[in-house]
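# Structure at a glance
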Amino acid sequence: MRAVTTAQPLDVQPTPLALLLLGREADPKSERGVDCPGDLPAPSDPHLVERARAAKEKLGEKVFVLGHHYQRDEVIEFADVTGDSFKLARDAAARPDAEYIVFCGVHFMAESADILTSDDQRVVLPDLAAGCSMADMATAEQVAECWDVLTEAGVAERTVPVSYMNSSADIKAFTGKHGGTICTSSNAKRALDWAFEQGEKVLFLPDQHLGRNTAVRDMGMSLDDCVVYNPHKPNGGLTAEQLRAAKMILWRGHCSVHGRFSLESVEDVRARIPGVNVLVHPECKHEVVAAADYVGSTEYIIKALEAAPPGSKWAIGTELNLVRRLANRFAAEDKEIVFLDKTVCFCSTMNRIDLPHLVWTLESLAEGKLVNRIQVDRETESFAKLALERMLALP
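Please read these numbers as outputs of a predicted model, since none were measured by experiment. (Residues numbered from 1 in each chain as written. Predicted model: local features only at pLDDT ≥ 70, side-chain atom pairs only at ≥ 80, totals over all residues. Heavy atoms only, no water.)

What follows is about the packing of helix α4 (residues 85–93) against helix α5 (residues 107–116). Contact pair α4 / α5: the axes reach a minimum separation of 8 Å and the direction vectors enclose 35°. Between α4 and α5 lies a crossing of right-handed hand. Judged by residue contacts, S85, F86, A89, A92 and A93 of α4 engage F108, M109, S112, A113 and L116 from α5. For the contact of α4 with α5, the per-class residue count stands at eight nonpolar, two polar and no charged. (Axes fitted to C-alpha atoms, helices over the stretch in contact; angles between N-to-C directions. Helix = DSSP H or I, 4+ residues; strand = E, 2+ residues; numbered from the N terminus. Left-handed = near helix turned anticlockwise from the far one by under 90°. Contact = heavy atoms within 4.5 Å. Nonpolar A, V, L, I, M, F, W, Y, C, P; charged D, E, K, R; others polar.)

Listed below in structure tokens is the structure:
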């Protein structure tokens, strides 16, 4: 007869990651899992719009509100300017008299605004948990390890880092420190042209799709010229020979919104809407970009629809808030604008900035209480700014 033993409780301590996922800890170095202090107004408060207007009016010229294109309409209503991440950061730098820059976007955007504005200005993010999954896919430690792998393979000295604007301040600083530049989705080709004048290879961070699409579609490279570095595998999952042969070393990162669009999405919308124009963002997968009629940045998408003839039909592969806003804007011109995918997909982190958070932020600032300040440390800022200035100097 077997003896029966009584199970003893295990002394298991939750890891920091587990605590983050449980929402019980904060990590200020991460784009996500950050606590947001303060008592927010109830989302059902019918006076939120009036409260936002009153607080903004009280602040007057002291506050400048930036609204990213992917924000909710209720937030965009109170933005002084709208645009993509880099345009907004540059707009913030162009308003030196504004004491407070309220950035209705995500964490890396507010960091860029802090880097480009003066020391006297305070950049505020209404919800500190508004991060970016793509930016989180490349940490400073992982990128430093990648550089060690490139060094061991004998290619680091010939490699120029190019980082997408959608990256943390730490990654921008690494880029600046190693002779690289930043790019946006609208100037990625110019940035890569510059990089290949400096070296033989490019380490492209953190969005593999923008890097691949730019290299292959816009610069005439082949898919074989590109390899993907996976930070979760030893040596990035690549051999030294693969690294030596590659021109583009792409980081294994992607946008959770644009990555959802598929070739099936394109085929389906063409079958449903005869004569439709498919217009997608270059963060989409390569097969989606190859099947589309037009490809371009957020600003490109807006301008393309502004110039489109009445009666034209468009399927747009980008964030749903923007697509819906454009559909409403151009409905009177008989332009049919639909979301590329059947599945509704907002940017979940961008949508953390809602009216209650904005009201709480504006009312706190109006009462003289600085909340949710985004501040990049001096050393990180200096190298990140160097990389950003290289981009600004691109022809």
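Of all six residues in strand β5 (residues 159–164), six are buried, a share of seventy percent or more. With burial as the criterion, each face of β5 is covered, one bearing T159, P161 and S163 and the other bearing V160, V162 and Y164. The sheet contact formed by β5 and strand β7 (residues 201–205) spans five bridges and is parallel. Its bridge partner lying in β7, S163 is registered against L205. Here β5 runs beside strand β6 (residues 181–183); their pairing, made up of three bridges, is parallel. (Buried < 20%, exposed > 50% of the residue type's maximum accessible area, 1.4 Å probe, protein only. Pairing = 2+ DSSP bridges.)

Before going further, it helps to examine the pattern of salt bridges. Opposite charge on two side chains permits them to pair, given that their charged atoms come into close proximity. This model, assessed by the stated rule, comprises 19 salt bridges. Here K189 and D193 are joined by a salt bridge, their closest N and O atoms 2.9 Å apart. Remark: D193 and K189 occur in helix α9 (residues 188–198); sequence separation between them is four residues, near one turn of the helix. With a relative accessible area of 28%, D193 lands in the partly exposed category. One salt bridge in this structure joins D268 and K342, with 3.6 Å as the shortest N-O distance. (Salt bridge = Lys/Arg side-chain N within 4 Å of Asp/Glu carboxyl O.)

Between L205 and the following residue, P206, the backbone shows a cis peptide bond with an omega angle of -20°. One can find P206 in the loop between β7 and α10 (208–218). Located in the positive-phi region is N372, a residue other than glycine, with phi close to 50°.

Quick look at the layout of surface pockets now. Each pocket or cavity is described by its volume, and for the second largest pocket that value is around 410 Å³. In terms of lining residues, the second largest pocket is bounded by 30 residues, among which Y70, C132, N166, C255 and E283 are the most central. Elements with a contribution of two residues or more to the lining of the second largest pocket: α4, α5 and α6 (133–136). Classifying every residue of the lining of the second largest pocket gives 13 nonpolar, 13 polar and four charged. (1 Å grid on protein atoms, 1.4 Å probe; cavity = no way out; pocket = protein on both sides within 12 Å on 5 of 7 lines; lining within 4 Å. Points joined across faces, edges and corners; volume = space filled by probe spheres on them.)

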